[in-house]
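# Working through the structure, step by step
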Amino acid sequence: MSVITIQLGQCGNQVGREVFHAISKDLHSTHGLCSRKENDAYQAASKERFFSQEETGVPAARAVLVDMEPKVIGQTLSMALKSGSWKYDDQSHFCQKQGSGNNWANGYCVHGPKHKEVIMDLVQKEAEKCDRLSGFLTLLSMAGGTGSGLGAFVTESLRDAYPTLFLLNHVIWPYGLGEVIVQNYNSVLTLSHLYQTSDALLVHENDAIHKICAQLMNIKQISFQDVNQVIAHQLGSIFQPAYSSDGASQYSRSPLGDLMEALVPHPEFKMLGLRNIPQMSENSLAFSTFAWPGLLKHLRQMLIANAKMEEGIDWQVRPPLPGLPPSQKQSLNRTAHFNTSIANLITLRGKDVQTADLGGFRDPALYTSWLSVQDALAVWKTPRAFNKYEKSASLVSNSQFLLKPLDGVVAKAWKMFASKAYVHRYTKFGIEEEDFLDCFTTLEQVIASYSSL
Amino acid sequence: MTQSVVVQVGQCGNQVGCRFWDLALREYAAVNKKGLYDEALSSFFRNVDTRADGDAADISRGKICSLKARALLIDMEEGVVNEILQGPLRDVFDSKQLITDVSGSGNNWAVGHRLYGCQYRDRIVEKLRKAAERCDCLQCFFVIHSMGGGTGSGLGTFILNVLEEEFPEVYRFVTSVYPSGEDDVITSPYNSVLAMKELSEHADCVLPIENESLFDIVSKINQMTKSGKLGSCVKQSSLVTSGGIKPTKEKPFDAMNNIVANLLLNLTSSARFEGSLNMDLNEITMNLVPFPRLHYLVSSLTPLYTLADVNVPSRRLDQMFSDAFSKDHQLIRADPKHCLYLACALLVRGNVHVSDLRRNIERLKPSLRFVSWNQEGWKTGLCSVPPVGHSHSLLTLANNTCVKHTFLELKERFMRLYKKKAHLHHYLHTDGMEQSCFSEALSSLSDLIEEYNQLDVTNCGPAIDPPRLKIAM
Ligand SMILES: Nc1nc2c(ncn2[C@@H]2O[C@H](COP(=O)(O)OP(=O)(O)OP(=O)(O)O)[C@@H](O)[C@H]2O)c(=O)[nH]1
Ligand SMILES: Nc1nc2c(ncn2[C@@H]2O[C@H](COP(=O)(O)OP(=O)(O)O)[C@@H](O)[C@H]2O)c(=O)[nH]1
Ligand SMILES: [Mg+2]
């Protein structure tokens, strides 16, 4: 089944082009390390998901590009074309002359309604190209005005127009120390709206990825492209085909549906985080070998200690002892920084995947009491190696990982809101103080829910 | 892409504007190698086929024929504008873009604002409309003027009113040159305070600039150049020598005005050229102006005299960031470092990465004081096209309470005249000008100063966080 990607705003478009680039590169990789037959099946499934075959032979990404200013889309189209191995459909983009000016209300209340028809037409054209459509992946940042405001509007429009399809929002969480001064307002407005429409939100924090670039990738001068390549690699590692059960003979058929089924058992909890191992520069990769037990042991500790990368993990964090009453368990969690999960999805790719032992992730102490381990843990596998990594594991988790950043964003926005600074910029476009209050309420609820795990 | 129209008013406005167009052309010549008229060029220039007679239509694509500035030149004297029309920039303007008179405003705000305002309103509106029609998405008017004289100060702020009425959706950015303490114009405090009220009420954003600061910066560069510290490596086209169209001979204000011209170029670069983190003009007000009236932004430009090589070692780059916050790089005489920030923007051009930005923000943050509800009030933009002759540059825009010192000083100078009612009669002669205009302008200024004071006062002690919303579980 296919997935249509919707790239919104500068960030969404810059991330999107790296995602397709990474997927295309992996598709044509000669490092698959598996049988010819396996590789063919993998390629076919991946192509069906992300590309439509054009007459010219160069596959076209199943994507719709949207921005309110022309520069980024222009650059994105030409960069894709230059790659030679894939491209964007030249009819599948929409831009305007001036951006939303970092104003969520401008994107949501003005640009959204004004351009709904054109954008939804583009989406429909893409949808008609798919034999079987699983759903939509939107790429956006929540700090600006277009990706965040227009992105929230488009998400709602998609929900209305395609009520049965799956809707996953990929959200870039801004650097904590500003690039956009009103980013906390925009974030609160975006998150609360998406939380009510989307099936799940998959979050990447720029600060965390920046650290990965510095510490794991050893990049001295880090650009947005470096950051985006890491994000793209991680996304590829979960969205490329994998078998969703042992003994399955076909690659997973509904990539987004399977993901939601595994990770979102309850609509009150839909914040997803992603981590992977190993992650390193190509140079180091050439000199490294990996064994599954080591990789999985690290990945497990990254999960429970809420580390975004394998360096600097706190090995002291342990799951709480079984049998403690919930109240005690909670206080213990807090002191020990234990990250409680609702559900986890592990994807393993590469050599000897069948031998990998996931016992460490089957410990009930990792999860809430209201879901059995069978329902809380899903594992996908493929012997096809991913992007030059002989073995690789990635983990999507629905857990408390985002509590602290979310609480921080809400706190900062709340403080600014109390002083009424910048509020007039939003009311100008129709977002009133009560609307802000509703959004704060929604997010306080999310925080409370995740805190109570 | 969007377009901007520059409205240059009065002697100062036109002299600064002239430097701006010169440097803008030089910049495009360096960036646009193919000689094709593109979107970036269209933001400040039209492409016109001059062979066609009459009102030549714009050519939207293809080879550059003849570039015309999207500008309106207004002066109530002829001298400066005539000089421009005889100078190297004459082809960039045509006679339909000019409004001049012969008698000047006599350094009298009332004459500029009331008399000429009434008299020229229709002509101004007509020409503004014409300029606007030629844009496919007009985003911003840049008004360039001085505060101390009569035309720029009076008529310039009159035009600001007209712009607000006629084009309410288009941003109004104003570059205002403030008079220095020993300005030749005796009535400059009156003119400036009268103009301030208009700026506070009708501009979206004001970039105040003090001539004394420009002068100091220019002297410092001259000194360094002479003392040989920079020795032979001073490039011909450095930031402050007028490059591009060959300078015949430099006029006294040219070096100073080049600084202002560069401010405008760097302010708009991220809207005109590509970058990994674009900063459109509408983002400036959105991020930097938390309350409508507090829209005065203190700016600094670096490097002013670090004439960098292509491969810049990190240390030098970090110096650029440090300098941007030092007192002697500000375009007004103020010290933002020792006052309170409401918000701060870093607009970087050239070979600078996200990691450089992050490192420097983290390094500088501890030494700067931000208002309690905006502790992380940083906005950043990354434009990949560097300024001509440099590998990188930085423009900072600060919404900082230090600007109130400039206003306080102005108020004092105003009071010195006003107490004695000196020269008042020159103003009161003009129709519609009453003494209440003075008292209202004064109280507007006092209120503004008080708003900054309040922020300073309430942000002295430790901040108490507002209690969060409670959720019933
Ligand atoms: N990871 C990553 N983050 C980015 C990138 N570009 C922008 N961002 C982040 O996105 C946020 C800014 O939002 P943009 O995407 O630039 O804004 P926009 O959606 O285009 O909206 P407007 O420009 O306001 O119309 C900041 O938090 C940036 O850190 C990128 O290429 N990669
Ligand atoms: N920086 C700068 N200041 C100028 C220039 N020309 C005049 N001024 C200043 O502008 C003020 C006088 O206003 P002016 O523009 O001459 O009057 P107008 O023509 O009536 O607007 C004084 O403060 C001068 O110092 C110039 O070219 N550059
Ligand atoms: Mg944008």
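For the structure itself, consult the block above.
Residues numbered from 1 in each chain as written. Chains lettered and ligands numbered in written order. Predicted model: local features only at pLDDT ≥ 70, side-chain atom pairs only at ≥ 80, totals over all residues. Heavy atoms only, no water.

## A short note on the sheet that holds strand β11 (residues 341-350) of chain A
Residue and element names in this part refer to chain A. Across the sheet, 10 strands lie side by side as β6-β4-β1-β7-β8-β9-β10-β13-β11-β12; this open sheet has mixed pairing. On the outer flanks of this sheet lie β6 (93-95) and β12 (377-382), each paired with one strand and no other. Averaged over all pairs of adjacent strands, the angle between strand axes in this sheet comes to 20 degrees, irrespective of strand direction. As judged from the 7 bridges shared by strand β7 (residues 133-141) and strand β8 (residues 166-173), these two strands associate in the parallel manner. Of the residues in β8, the one forming a bridge with L139 is H170. (Pairing = 2+ DSSP bridges. Helix = DSSP H or I, 4+ residues; strand = E, 2+ residues; numbered from the N terminus. Axes fitted to C-alpha atoms, helices over the stretch in contact; angles between N-to-C directions.)

## Here we look at the environment of N276 of chain A
Residue and element names in this part refer to chain A. By the secondary structure assignment, N276 is in strand β10 (residues 271-277). Counting along the chain gives 15 residues from N276 to E261, while the straight-line C-alpha distance between them is 21 Å. Apart from residues lying up to four places away in sequence, N276 is in contact with H233, Q234, M302, A393 and S394. Side-chain polar atoms of N276 contact the side chain of Q234, separated by 2.8 Å. (Contact = heavy atoms within 4.5 Å. Polar contact = N/O pair within 3.5 Å; in protein donor to acceptor, adjacent residues only side chain to side chain.)

## With respect to the sheet that holds strand β1 (residues 3-9) of chain B
In sheet architecture, strand pairing relies on hydrogen bonds along the backbone and comes in two forms, parallel and antiparallel. Residues and elements named next belong to chain B. Pairing is parallel in the open sheet, where 6 strands are placed in the order β5-β4-β1-β6-β7-β8. Edge positions in the sheet fall to β5 (98-100) and β8 (205-210), since each of these pairs with one other strand and no more. In this sheet, neighbouring strand axes are inclined to one another by 15 degrees on average, regardless of whether the strands run parallel or antiparallel. As paired elements, strand β6 (residues 138-146) and strand β7 (residues 171-178) share 7 bridges and run parallel to each other. Along β7, the bridge assignment pairs C140 with Y171.

## A few points about the interface of chain B and chain A
Tallying the contact residues gives 53 residues for chain B and 52 residues for chain A. Where chain B abuts chain A, roughly 4500 Å² becomes buried across the two surfaces, and 56% of that area is made up of carbon and sulfur atoms. Applying the counting rule to chain B against chain A returns 5 salt bridges. Secondary-structure elements contributing two or more residues to the side of chain B that touches chain A are α8 (254-272), α9 (281-288), β10 (340-350), α11 (354-364) and β12 (378-383) of chain B. Each residue belonging to the side of chain B that touches chain A can be placed in one class, and the counts come to 24 nonpolar, 15 polar and 14 charged. (Buried area = accessible area lost by both parts, 1.4 Å probe. Salt bridge = Lys/Arg side-chain N within 4 Å of Asp/Glu carboxyl O. Nonpolar A, V, L, I, M, F, W, Y, C, P; charged D, E, K, R; others polar.)

## A short note on empty space enclosed by the protein
Picture a little ball the size of a water molecule; that probe, rolled over the atoms, points out where space is still empty. Within this structure, the stated rule accounts for 9 cavities of 30 Å³ or more. Estimates place the volume of the largest cavity at around 450 Å³. Q10, C11, S141 and G144 of chain A together with L277 of chain B are, among the 30 residues lining the largest cavity, the residues nearest its centre. For the lining of the largest cavity, the secondary-structure elements that each account for two or more residues are α1 (9-27), α5 (146-161) and α8 (224-239) of chain A. Broken down by element, the residue count for the lining of the largest cavity peaks at 5 residues, all from α1 of chain A. Here the lining of the largest cavity is composed, by residue class, of 8 nonpolar, 16 polar and 6 charged. (1 Å grid on protein atoms, 1.4 Å probe; cavity = no way out; pocket = protein on both sides within 12 Å on 5 of 7 lines; lining within 4 Å. Points joined across faces, edges and corners; volume = space filled by probe spheres on them.)

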